[in-house]
Structures are given as C-alpha cells and as structure tokens.
Amino acid sequence: MENLFINIARTLSDWLLQLGLSHFWTDLVLLVVQWTAIILIITLNVIILVWLERKISGFIQQRLGPNRLGPFGCFQTIADTLKLLTKEDIIPSQTDKLIFKTAPMFFIIVSVLLYAVIPMGKDMVVVDLNVGLFYFISVGSLTTIAILMAGWSSNNKWSLLGAMRSVAQMISYEIPLAFSLLGVVMIAGSLNLSAIVAAQSNIWFIVLQPVAFVTYFIAATAELNRGPFDMPEAEQELTAGAYTEYTGMRWALFFLAEYTNLVAVSALAATLFFGGWQGPLLPSWMWIIIKTYLIMLVFMWMKWTFPRIRMDHLMSLSWKVLVPVSLINILVTGVGIEIFKGMGW
Amino acid sequence: MSDHAALGVFLILTLVFPVAAMAAAWLFRVKSAPTREKLLPYECGVDPKGSGWMRFRVNYFLYALVFLVFDIETIFLYPWAVKFQSLGLFAFVEMIVFIAILALGLWYAWKEGALQWY
C-alpha cells in the first residue's frame, strides 16, 4: 500500500522504456499522467468539500443541509455541477470582454499550478523544486490579479467594490503569510518542501513554531477570502462581490478555484507544520489526506462560527498585529536557533 | 527532464483544463438570444446609473505602496532564512539590523497614517 502509486508510475515508465521510447518522452508521458491524476484529485475533492461544507454549516446552524439526492445528499454537488454546465452564458454588454473571459481561466490555472510542488506522499511530488515554498507563495499571490481582473472587467459597482476590497485584503495578508513561513525555513534550512518534511521526522514544526502557525492560519483564511474575512464577497451588501456578473461555467470555475486554493493552502499547512506525509501505520499518502482534511475542517468551523469582521478592523489586524508579531517571531526563532546551537544540539 | 522544464510542461497542460471546461459547457449549455435588459450590469433590478468604472479611495493605493515595500523585503529575507544556520553569527547580526529597518519602516507608515482605514 505504501508504494502503491510509486509502483504504478514505475511500472508505467518501465513499460514505456521497453516500447523503445526515449527518457524524455517517458518523462513527458508520466507528467501527463500525474497532471491528470492531480486534476482528478482536485475535482473529486471539490465535489466532496462543497457537500461537506454545506453539511457542516447545516450542522452548526441546526438545520439539515442537503439531504435529498442520495444518502445524506451526497450527490447534491454533482447535480449542481450538471446544472451549471447547462446554464446559459451571459456576458453583459458593457464589460471588457477579453478580460472578463480570461479572469476565471486565469484563476483556475494559478490554483492548479500550486499542486505541482506539494508532496502528496513519500516521493510523491510532481516537481521536486528546490525553491518549492517560494514558488508556492509567489504563484499563490497571483490569485489577487484574477479577482481584480474579474471585478474590474465586469463594469459593475458591486464587482469593483468587491474586487478592491479583495485586493486590499489579500495584499495586506500576503505579508504576514510570507513572514510567518520564514521561521520554518530558518529551522529547516531549505525551501524544498520534501526537505522541510524530512526535517520534521523528529518533531513537528507546530511545536517549534506555534506563533508562525497561528499567523499563517489567519493570513491564509484572509487570502482565501473565507469567513470571517469574507468582506469582499459579503453577500448581504455586495451581492457576490467580484463574481456578480458571472454565470454558468465561468462562475463554476471561480468556485472550483476557490476550493482548489483551500485544499492547496491546507495541504501546505500540513506539510510545513504537521509533518507532511509522515505518520505511523497508514501509508504516507493517506496521512497527508487525513491531515489536510482535519485542517480544512477547522477552516470550515471558523467560517461558520465567527461573524464577519469589519473592514477597518480587518486591515488593522493585518498591519498592526500580525506583521509585528511575525517579525518578532523571526527574531525569536533566530535567537532560539543560536541558543540551541550554543548548547551544542 | 529538468525541474523547470517539467514545470513548464505542467503549466502548458494546465492551460488546457479551463479551455476544456469551457468547451464542455459550450456543448451542453442553453444557447439564448438575451434581450438588452438582460445584458445590463446587475444593480438589484434597477437600470444602472453611470459606468461601473468609478473612482475609488486613495486608501487602497497607500496600502498597495506599503505592500510593495514589504513584499520586496520578503524576497530578500527568503534566501537569508535558507542560509541562516550555515552563516552563523554574521547572519544573526545582519538579521537584527534588517528587521530593525523593517520595523522602522512599519513604524513610519503607521505614524503617517497610511495604515488607517477611513
């Protein structure tokens, strides 16, 4: 079980090499297979997550949630997806059409690209990039542009307001997010995600970097535009924020991308702070799934428990609390490493 | 294949995904001829007044400026953090100087009211 997927990949590559393909083409075919697997994982996860989120919100608000289609309503998301496929495609007449059409595509492309570097098990990573963490942060920050594109091109007041709020919020929380991960990098001494996982074989970084984890978690919630930081999409005042004008599949792509980002950010949290795929008994790829889902459950729990935060409070939380705290965290981590080194650990 | 080439291939493959999704939607969706009213920007059912491309507060711009400064500093901090353990005391002193400069910048922006949301 442990090497299930690795064995499949090895068998495939051996078979291809036997067929007389060169190493380059074998690598290419393997990459296509891995990419397809990732797309399948993403879509499957999103279908489960949307259902799970609706069920959990129902549980928290003491109602039933989806319960008609299939046992516990588990086919509800599939029905919704089919419905979205058949919806007519409306592009309002005054929009900037090119940007309007590219925005959802750009969003989903950026979200899928994040999965290239996440280790999904022992030796199970598509591209074991030496600057993996840096890649993740820089590509992840591009989502801001997608939302701005959507909001600006819609030529709608709700959209523009939502997009501007979203950009202000996301760039503000980008800083504590990037700073909080510096502590982890300092201890691990590498930006390679596999190396960071390996560095946690004795002790998880959540123990060494609790402040960094809390900062990362809050900043990530804001980056995802999830509640309690969902001012950009505050449906009671902004309709749907930047997504107001989108219909059918274009809207579905935004939705898909948001949940894709949620999984990616949770998987990164599991990788950096909870030992990644390491764990006893169960195979490694099972452990990362368990850890990722536990973190996502906390995200959902937070969203449905806390009321929305006011815009000025939201901004001051980032700049006046999280940024100083994460700076101090870097300082304390540096002092701690020097002290431990001095003690000869 | 090198890591960067693999990433490039991954990017090209990913470009296919949304295009395929849109193509599938194009196959299945209802083709309609919407009326003029249906193509108006949504404003709670009322005909919109003026363009949606309106002016917005300068606040957003101030935040963007502060963000830019800090984001560039982040880029410098990452390589430093990777090499922190092997550089020893030099890196440690360097860190205190650098974070002091960062804190000074933050304090200045705070004092000037750039972090105040109106």
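Bear in mind the structure is a predicted one, so any value in this text is a computation, not a measurement. Within each chain, residue numbers correspond to sequence positions counted from 1 in written order. Labels follow written order: the first chain is A, the first ligand is 1, and so on. Only residues with pLDDT of at least 70 get local features here, since the model is predicted, and only at 80 or more are side-chain atom pairs given and counted; chain-wide, interface and lining totals rely on the full set of residues. Side-chain metrics in this entry use all non-hydrogen atoms of the structure; hydrogen atoms and water are not considered.

1. Here we look at the overall build of chain A
The condition that has to hold: Numbering goes from the N terminus for both helices and strands, where a helix is a DSSP run of H or I of at least four residues and a strand is a run of E of at least two. When we talk radius of gyration, it's over C-alpha atoms, and the globule rule is simply 2.2 Å times the number of residues to the 0.38. Categorising residues by exposure relies on relative accessible area from a 1.4 Å probe, with only protein chains included: less than 20% of the type maximum marks a residue as buried, more than 50% marks it as exposed, and the intermediate range marks it as partly exposed. Should any heavy atoms of two residues lie within 4.5 Å, those residues are counted as being in contact.
Tallying secondary structure elements over chain A gives 14 helices and zero strands in all. Since a compact globule built from 345 residues should have a radius of gyration of about 20 Å, the 21 Å found for chain A is in line with a globular shape. Along the longest, intermediate and shortest principal axes, the C-alpha atoms of chain A span 65 × 60 × 40 Å. With 345 residues in all, chain A has 57% of them scored as buried. Of all intrachain contacts in chain A linking residues separated by at least 6 positions in sequence, the fraction that spans at least 24 positions is 76%.

2. Observations regarding the packing of aromatic side chains
What describes a pair of aromatic rings is the distance from one ring centre to the other and the angle between the planes of the rings. Residues and elements named next belong to chain A. To keep things clear, this is the line we draw: Within 6.5 Å between ring centres, the rings of Phe, Tyr and Trp (the latter by its six-membered ring) count as paired, and their orientation is classed by plane angle as stacked under 30 degrees, edge-to-face over 60, tilted in between.
Applying the stated rule across the entire model yields 20 aromatic pairs over all chains. Ring geometry for Phe24 against Trp25: centres 5.4 Å apart, planes inclined by 80°, an arrangement best described as edge-to-face. Assessed through its relative accessible area of 44%, Phe24 is described here as partly exposed. The class of Trp25 is partly exposed, set by a relative accessible area of 48%. The structure contains a cluster of three or more aromatic residues connected by ring pairs, namely Trp204, Phe213, Tyr216, Phe217, Phe273, Phe274 and Phe299.

3. Notes on the environment of Pro324 of chain A
When you line up the elements, Pro324 of chain A lands in helix 14 (residues 311-342). Distance in space between the C-alpha atoms of Pro324 of chain A and Leu297 of chain A is 28 Å, their sequence separation being 27 residues.

4. Overview of the packing of helix 7 (residues 157-188) of chain A against helix 14 of chain A
Selection rule: In this description, a line fitted to the C-alpha atoms serves as the axis of each element, helices being fitted only across the stretch in contact, and the angle between N-to-C directions of two axes falls anywhere from 0 to 180 degrees. Just so you know how the angles are binned, under 35 degrees is roughly parallel, over 145 roughly antiparallel, 65 to 115 roughly perpendicular, and the rest oblique.
Two elements in contact, helix 7 of chain A and helix 14 of chain A, have axes whose closest approach is 9 Å; the angle formed by their N-to-C orientations is 10°. With respect to each other, helix 7 of chain A and helix 14 of chain A are oriented roughly parallel.

5. A few points about the layout of surface pockets
Note the threshold: Here a cavity denotes grid points, spaced 1 Å and computed from the protein atoms alone, that fit a 1.4 Å probe unable to get out, and a pocket denotes an open set having protein on both sides within 12 Å along at least 5 of 7 lines; residues with an atom within 4 Å of a point are the lining. Grid points are joined across faces, edges and corners, and a volume is the space filled by probe spheres set on the points. Each residue gets one label: Ala, Val, Leu, Ile, Met, Phe, Trp, Tyr, Cys and Pro are nonpolar, Asp, Glu, Lys and Arg are charged, and the others, such as Gly, are polar. The domain limits used here are those given by an automatic or database domain assignment.
Considered as a void within the structure, the largest pocket measures approximately 1400 Å³ in volume. Contributing to the lining of the largest pocket are 45 residues, with Gln34, Met120, Met124, Val125 and Val126 of chain A lying nearest its centre. Of all the secondary structure elements, the ones that give two or more residues to the lining of the largest pocket are helix 1 (4-18), helix 2 (23-60), helix 12 (248-273) and helix 13 (284-305) of chain A together with helix 1 (3-28) of chain B. When residues of the lining of the largest pocket are assigned to their parent elements, the largest contribution, 12 residues, is made by helix 2 of chain A. Split by residue class, the lining of the largest pocket holds 32 nonpolar, seven polar and six charged. Here the lining of the largest pocket spans two domains, since at least three of its residues come from each of domain 1 (1-86) and domain 2 (91-342) of chain A. There is about 820 Å³ of room inside the second largest pocket. Taken together, 30 residues make up the lining of the second largest pocket; nearest its centre are Glu233, Glu235, Phe255, Lys303 and Trp304 of chain A. Secondary structure elements with two or more residues in the lining of the second largest pocket: helix 2, helix 11 (235-238), helix 12 and helix 13 of chain A.

6. Some words on empty space enclosed by the protein
Residue and element names in this part refer to chain A. All told, the structure shown has three cavities of 30 Å³ or more when counted by the stated rule. What the largest cavity holds in volume is close to 230 Å³. Considering the residues around the largest cavity, the lining is formed by 21 residues, among which Gly140, Thr143, Glu223, Leu224 and Val265 are closest to the centre. Those elements that place two or more of their residues in the lining of the largest cavity are helix 5 (132-140), helix 6 (143-153), helix 7, helix 10 (210-223) and helix 12.

7. Quick notes on the interface of chain B and chain A
Test applied: The term buried area refers to how much accessible surface (probe radius 1.4 Å) is lost by two components on association, counted for both of them together. Counted as salt bridges are all cases of a side-chain nitrogen of Lys or Arg within 4 Å of a carboxyl oxygen of Asp or Glu. Polar contact is the term for a pair of N or O atoms within 3.5 Å; when the atoms are in protein, one must be able to donate a hydrogen and the other to accept it, and sequence-neighboring residues count only if both atoms are side-chain atoms.
On the side of chain A, 81 residues touch chain B, which itself brings 64 residues to the contact. Roughly 7000 Å² is buried in total at the junction of chain B and chain A, and carbon and sulfur atoms are behind 78% of that figure. In terms of surface lost to chain A, no three residues of chain B exceed Phe10, Trp53 and Tyr78 of chain B, which account for 12% of the buried area on that side. Between the two partners, chain B and chain A, sit one salt bridge. Among the salt bridges present, the one from Arg29 of chain B reaches Asp89 of chain A, with a minimum N-O distance of 3.7 Å. Seen at the junction of chain B and chain A, the total is eight residue pairs in polar contact (both at pLDDT 80 or more). Listing elements by their share of the side of chain B that touches chain A, those giving two or more residues are helix 1, helix 2 (59-82), helix 3 (84-87) and helix 4 (89-111) of chain B. A total of 17 residues in the side of chain B that touches chain A trace back to one element, the largest contributor, which is helix 1 of chain B. Per-class residue counts for the side of chain B that touches chain A are 47 nonpolar, 11 polar and six charged.

8. A look at the domain arrangement of chain A
How big an interface is tends to be stated in terms of accessible area lost as the parts join. All names here are of chain A. According to the domain assignment, chain A contains domain 1 (1-86) and domain 2 (91-342). One C-alpha centre belongs to domain 1, the other to domain 2; they are set 21 Å apart. Across the boundary between the two partners, domain 1 contributes 26 residues, which contact 30 residues of domain 2. Of the roughly 2400 Å² buried between domain 1 and domain 2, counting both surfaces, carbon and sulfur atoms make up 78%. A per-residue breakdown of the area domain 1 buries against domain 2 is headed by Leu49, Glu53 and Leu84, which together make up 25% of the total. Linking domain 1 to domain 2 there are one salt bridge. With its nearest N and O atoms 2.9 Å apart, the salt bridge here joins Glu53 to Arg226. Counting every contact that joins domain 1 to domain 2 gives four residue pairs in polar contact (both at pLDDT 80 or more). Sorting the residues of the side of domain 1 that touches domain 2 by element identifies helix 1, helix 2 and helix 3 (76-86) as the ones contributing at least two each.

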